[in-house]
Amino acid sequence: MRVLTPTNVEEAVAMLAVEEDLIPMAGGTDLLVHWPEHLEARERGYLDLSGVESLRGMEWSDAFLTLGALTTYWEVVTDARVGREFRLMVEAARQVGAIQIQSRGTWAGNIANGSPAADGVPVLMAYGAEVELASAGGGARWVAMDSYYTDYKQSVKRPDELITRVRVPRAEYEIEVWEKVGSRRAQAISKVGLAITKGDEGWRVVAASMAPTIRRCAAIEKLLTKEAAINRPEDLLKAIGKDVSPIDDLRSTAAYRELTMARVVYHALKGRVSFVT
Amino acid sequence: MSEGAGMMQISMTLNGKEVSADVDPGERLLDTLRYALGLTGTKEGCGEGECGACSVLMDGVPVNSCLVPSYQARGRVIETVEHVQESDVEPLLSSGATQCGACTPGIVVTAQWVRRHPELLETHTLRELMAGNLCRCTGYDGVIEGVEATLTVDGQSS
Ligand SMILES: Cc1cc2nc3c(=O)[nH]c(=O)nc-3n(C[C@H](O)[C@H](O)[C@H](O)COP(=O)(O)OP(=O)(O)OC[C@H]3O[C@@H](n4cnc5c(N)ncnc54)[C@H](O)[C@@H]3O)c2cc1C
Ligand code: FES
Ligand code: FES
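The rules behind the values
- Each chain has its residues counted from 1, running along the sequence as written.
- Chain A is the first chain written and ligand 1 is the first ligand written, with later ones labelled in order.
- Totals for whole chains, interfaces and linings use every residue, but because this is a predicted model, local features are given only for residues with pLDDT of at least 70 and side-chain atom pairs only at 80 or more, for both listing and counting.
- Side-chain measures here rest on the full set of heavy atoms in the structure, leaving out hydrogens and waters.
- Helix and strand definitions here come from DSSP, where helices need a minimum of 4 consecutive H or I residues and strands a minimum of 2 consecutive E residues; each element is numbered from the N-terminal end.
- Note on method: radius of gyration uses C-alpha positions; expected globular size equals 2.2 Å times residues raised to 0.38.
- The buried label applies to any residue whose accessible area, calculated with a 1.4 Å probe on protein chains only, is under 20% of its type's maximum; exposed applies above 50%, and partly exposed to all values in between.
- Contacts are assigned to residue pairs that have any heavy atoms within 4.5 Å of one another.
- Using a 1.4 Å probe, accessible areas were evaluated by the Shrake-Rupley method; residue-level cover was limited to the displayed protein chains.
- Multiplying 1.5 Å by the residue count of a helix minus one yields the expected span of that helix.
- For two strands to count as paired, DSSP must find a minimum of two bridges between them.
- Residues grouped as a nonpolar core are buried Ala, Val, Leu, Ile, Met, Phe, Trp, Tyr and Cys residues, joined through side-chain atoms within 4.5 Å.
- An automatic or database domain assignment is the source of the domain bounds shown.
- Any residue with a heavy atom positioned within 4 Å of a molecule or strand is treated as near that molecule or strand.
- As used in this structure description, the phrase polar contact means that two N or O atoms lie within 3.5 Å; if the pair is within protein, one of them must be able to donate a hydrogen and the other to accept it, and residues adjacent in sequence are counted only when both atoms belong to side chains.
- Following the grouping adopted for this structure description, the nonpolar residues are Ala, Val, Leu, Ile, Met, Phe, Trp, Tyr, Cys and Pro, the charged ones are Asp, Glu, Lys and Arg, and the polar ones are all others, Gly among them.
- Buried area, as used here, totals the accessible surface that two parts lose on assembly, with accessibility defined by a 1.4 Å probe and the loss added over both.
- We count a salt bridge whenever a side-chain nitrogen from Lys or Arg sits within 4 Å of a carboxyl oxygen from Asp or Glu.

Caption draft 1: Just the overall build of chain B, in detail. Along the backbone of chain B there are six helices and six strands. Mapped from its N terminus to its C terminus, chain B presents α and β elements in the order β-β-β-α-β-β-β-α-α-α-α-α. In terms of overall size, chain B behaves like a compact globule, its C-alpha atoms giving a radius of gyration of 16 Å where 158 residues would be expected to give roughly 15 Å. Principal-axis analysis of the C-alpha atoms gives chain B an extent of 50 × 30 × 30 Å. Within chain B, the proportion of its 158 residues that are buried is 55%. Across chain B, every contact between residues at least 6 apart in sequence was considered, and the portion connecting residues at least 24 apart equals 56%. When the accessible surface of chain B is summed, it comes to about 6800 Å², and 50% of that surface belongs to carbon and sulfur atoms.

Caption draft 2: Fine view of helix 11 (residues 254-269) of chain A. Residues and elements named next belong to chain A. Helix length check: helix 11, at 16 residues, gives a terminal C-alpha distance of 23 Å against a target of 22 Å (1.5 Å per residue), a fit within 8%. Ala254, Arg257, Thr260, Met261, Ala262, Val264, Val265, Tyr266, Ala268 and Leu269 are the residues of helix 11 that are buried. In this structure, the buried side of helix 11 is in contact with strand 11 (173-181), strand 12 (192-199), strand 13 (202-208), helix 9 (218-226) and helix 10 (237-243). Taken from the residues just after helix 11, Gly271 is the one with a positive phi, measuring 80 degrees.

Caption draft 3: Just the pairing of strand 5 (residues 61-64) of chain B, in detail. All names here are of chain B. By the alternation rule, side chains of strand 5 split into Val61 and Val63 and Pro62 and Asn64, which are all buried. With four bridges connecting them, strand 4 (residues 55-58) and strand 5 associate as antiparallel partners. By the bridge assignment for strand 5, Leu57 is matched with Pro62. The turn linking strand 4 back onto strand 5 is made up of two residues, and Asp59 within it adopts a positive phi angle of 50 degrees.

Caption draft 4: The nonpolar core, seen in detail. Membership of the largest hydrophobic core comes to 109 residues, with the highest contact counts inside it found for Met89 and Ile111 of chain A. With six residues, the top contributor of residues to this core is helix 3 (residues 104-116) of chain B. Shared between two domains, this core holds at least three residues of each, these being domain 1 (8-81) and domain 2 (84-150) of chain B. Residue contacts for Ile111 of chain A: discarding those within four places in its chain leaves Val121, Leu124, Val131, Met145, Tyr148, Tyr149, Ile163 and Val166 of chain A. Within the second largest apolar cluster, 29 residues are counted, among which are Ile175, Val192, Cys217 and Val276 of chain A.

Caption draft 5: Summary view of the site of ligand 1. The local shell around ligand 1 holds 36 residues, among which Pro24, Thr29, Tyr73, Thr106 and Asp119 of chain A are the closest. Residues close to ligand 1 are split across chains A and B. One of the side-chain nitrogen or oxygen atoms of Tyr73 of chain A is found 2.6 Å away from an oxygen atom of ligand 1. Compared with its free state, where it exposes 980 Å², ligand 1 has 91% of that area covered by protein. At four residues, the largest contribution of residues to the shell around ligand 1 is made by helix 7 (residues 107-113) of chain A. Taken together, the residues that form the shell around ligand 1 break down as 17 nonpolar, twelve polar and seven charged.

Caption draft 6: Structural context of the domain arrangement of chain B. Residues and elements named next belong to chain B. Taken as a whole, chain B is organised into domain 1 (8-81) and domain 2 (84-150). Placing the centre of domain 1 and that of domain 2 at their C-alpha centroids yields a distance of 20 Å. Taken together, the contacts link 15 residues of domain 1 with twelve residues of domain 2. Summing the contributions of domain 1 and of domain 2, the shared interface buries around 1100 Å²; its carbon and sulfur component is 58%. Its largest share of buried area at the contact with domain 2, domain 1 owes to Leu57, Pro62 and Val81, together 38% of the area lost on that side. At the boundary of domain 1 and domain 2, one finds one salt bridge. A salt bridge links Arg116 to Glu79, with the shortest nitrogen-to-oxygen separation between them at 2.6 Å. Applying the counting rule to domain 1 against domain 2 returns six residue pairs in polar contact (both at pLDDT 80 or more). Of the residues assigned to the side of domain 1 that touches domain 2, the class counts are seven nonpolar, five polar and three charged.

Here it is in structure tokens:
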């Protein structure tokens with residue numbers, strides 16, 4: 001096995017440009033699971049990001065909270081200001097594994113890993129976050145989280161690109177909801193995850209574990225924007241059917257997931273907006 | 001930067017001392033501690049980040065050493081269960097926090113972190129802080145009582 005240890009972003013993306021199948025290593029909480037048995041990885045090399053200091057830490061500007069790619073869940077959990085402005089980020093981070101995972105796992109790793117059951121991704125998407133993708137020669141572009149994924153574990157990120165930052169626009173929200181329905185509280189992989197916000201830019205409804213990728217739910221958002229009367233969870237099923245395509249797997253069945261999602265949306269909004277009663 | 005095929009030399013602060021080790025790029029901190037440095041107090045349970053038996057403190061915060069590539073320990077401060085004073089562990093023994101003992105080193109390490117940061121208990125419950133340390137024997141009440149008891153031990157080592 002091989003590892004390259006760049007100390008700045010320019011070096012890191014130059015290495016990726018030469019060797020596109022290098023595997024970026026952040027907190028390792030996805031990559032190291034059963035690592036000794038990952039024989040195929042031995043043929044490839046790793047690109048260790050931990051020595052790239054500029055990828056650490058969070059920054060506030062008037063418009064954004066910006067997370068360096070090495071920002072962990074625990075850094076967010078222990079930051080009171082994030083708790084005040086982006087409550088759902090703290091709520092979601094607190095439920096990712098336990099302290100040993102929160103201390104190492106990064107938000108960027110969660111995005112890059114691309115699991116449809118991820119917990120960091122839905123709240124970032126519900127806050128309208130964008131991802132910075134950097135490549136050799138000073139290339140960098142910002143991609144909105146809600147257009148980042150293209151299919152199961154597929155994204156617009158090219159193999160020669162690295163996630164360097166994630167920025168979350170600062171805004172006021174009337175409604176912020178994050179729910180994870182799992183089998184047990186700690187260290188559960190979610191069966192249904194849901195993040196909902198309503199701010200100046202309208203509704204954002206994001207579902208996890210309901211489709212090959214985490215995604216915005218356009219039909220539900222439309223229903224909520226129209227303020228159509230919703231009197232019971234079943235009133236949401238038609239829109240949910242348009243937005244998602246859950247699978248039957250060992251964790252749950254498709255029908256259970258759709259009904260669960262309907263109930264979660266309904267109970268989250270009941271009494272908080274006039275048209276959900 | 002370095003080009004790393006084959007072994008790589010790293011140094012870290014381990015239990016208060018500067019230590020160097022030659023590590024394979026595919027080696028986990030758990031293996032380096034146990035087999036290269038002879039610190040066998042840290043245990044392997046699941047090898048997939050679920051059980052916490054392999055917990056060590058990295059820059060003062062609990063991590064699962066089975067999920068840390070050894071090369072990422074370079075320049076960092078690592079503390080293992082061997083660094084914890086016996087007096088800090090005593091209350092765990094007397095409260096039934098340990099039976100077979102497989103989980104105990106990890107629990108001791110996480111408990112040490114909580115001891116040093118009483119402010120954590122303002123935002124988190126002890127059960128939430130200890131949720132990454134699984135125990136198949138005790139049913140947790142003994143663990144939680146034992147850790148609670150360690151929180152009030154005098155003469156903190158840290
Ligand atoms: C016990 C356990 C419990 C867990 N619980 C949860 C949970 O509750 N919810 C949840 O969402 N996840 C959970 N996870 C999964 C994991 O912790 C998260 O997905 C975490 O955010 C991954 O971040 P990392 O830095 O550790 O990623 P790594 O393992 O370092 O990398 C993950 C992937 O992202 C790529 N990558 C990392 N950083 C970059 C970058 N900057 N640019 C490009 N590619 C990059 C890597 O190459 C790899 O493919 C759990 C894992 C374990 C072991
Ligand atoms: S052995 Fe590392 S968490 Fe179980
Ligand atoms: S005492 Fe046996 S696993 Fe905890």
